[in-house]
Amino acid sequence: MIYATATPGIFGVPTYAAPLREVVKRHGIDARYNHVLTAVRPQSREAVFQVKDGDKSHEAVIPYGLLHVTPPMAAPEVVASSPLAAASGFVEVDKFSLQHLRFANVFSLGDVSGIPNSKTAAAVRGQAPVLVANLLAFLDGQPLEAAYDGYSCCPLITGYGKAIMAEFNYEQQPVPSFPLDPTQERWSMWFIKRKILPSLYWNRMLTGGQHERRFIPGVKR
């Protein structure tokens, strides 16, 4: 198995990248970084990559039997072509207050927001109460005091019945919801991902329920 990614490493948060490199090694995965997919040749079953090597780059052609492609994330064209967007195509907002940098009456969150965080359901859940509080404060002419710290969560499945629950903030520091070493592969984290998170999504996230970590004793909020 070859894992070719445009990113310079297996994961953007160093604390979680270390155990993931061990997972890659254990499974015998050929990880190739800084590989940007530029073309697919289905007739010859070849994937073409532009490989970055410092200031230089070269083309690499990798034959495949089965190819799974994840396209780069982008905002919808209606957003990217609007005055609300930054050069990146995402809505240009302050990463803490979620207020637009040029249009004070505009706020943004989620996948179209141009903030340097991982785009996950957990991130939106952390952003939503901040946006609501600041939007109401703006309407009342009050200071915007709520702040989003970049919280995101990526449940990383590392094998059958095993997962690493990668929770982190803007500073790329772990902010675990459980008083456990978050870098360890655990069956409990796989169970939460497989059995509990779907219910939380439908019954608490979409209904505006507060994050459960605020109810766990001893966990930093």
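From a predicted model like this one, the values you see are computed outputs, not experimental measurements.

Time to look at unusual backbone geometry. For Arg45, which is not glycine, the phi torsion reads 50° and is therefore positive. Along the chain, the position of Arg45 falls in the loop between β3 (35-41) and β4 (46-53). Phi angles above zero are rare outside glycine, and Leu98 is one such case at about 70°. By the element assignment, Leu98 lies in the loop between α2 (77-80) and α3 (121-139). The exposure class of Leu98 is buried, given its relative accessible area of 0%.

Once that is clear, we can look at a nonpolar patch on the surface. On the surface, a cluster of nonpolar side chains totalling about 430 Å² of accessible area is made up of Val132, Leu135, Leu136, Phe138 and Leu139. Looking at the element boundaries, Leu135 is found in helix α3. When its relative accessible area of 30% is taken as the criterion, Leu135 is described as partly exposed.

A word on the side chain of Thr183. Tracing the sequence through the fold places Thr183 in the loop between β7 (162-168) and α4 (187-205). A polar atom in the side chain of Thr183 sits 2.8 Å from the side chain of Asp181. Once residues within four sequence positions are removed from consideration, Thr183 is found in contact with Thr15, Tyr16, Pro19 and Ile164.

Here we take up the pairing of β4. Here six bridges tie β3 to β4, and the two strands are oriented antiparallel to one another. When the bridges of β4 are listed, Val36 appears paired with Gln50. Of the strand pairs in this sheet, β4 and strand β5 (residues 56-63) are connected by eight bridges, and their pairing is antiparallel. In the strand pairing of β5, Lys52 is matched with Ser57. Linking β4 to β5, which pair antiparallel, is a turn of two residues; within it Gly54 sits at a positive phi near 70°.

Conventions adopted
- Residues numbered from 1 in each chain as written.
- Predicted model: local features only at pLDDT ≥ 70, side-chain atom pairs only at ≥ 80, totals over all residues.
- Heavy atoms only, no water.
- Helix = DSSP H or I, 4+ residues; strand = E, 2+ residues; numbered from the N terminus.
- Buried < 20%, exposed > 50% of the residue type's maximum accessible area, 1.4 Å probe, protein only.
- Patch = residues over 30% accessible without salt bridge, like charges linked within 9 Å, V, L, I, M, F, W, Y side chains within 5 Å.
- Areas by Shrake-Rupley, 256 points an atom, 1.4 Å probe, with all protein chains shown as cover.
- Salt bridge = Lys/Arg side-chain N within 4 Å of Asp/Glu carboxyl O.
- Polar contact = N/O pair within 3.5 Å; in protein donor to acceptor, adjacent residues only side chain to side chain.
- Contact = heavy atoms within 4.5 Å.
- Pairing = 2+ DSSP bridges.

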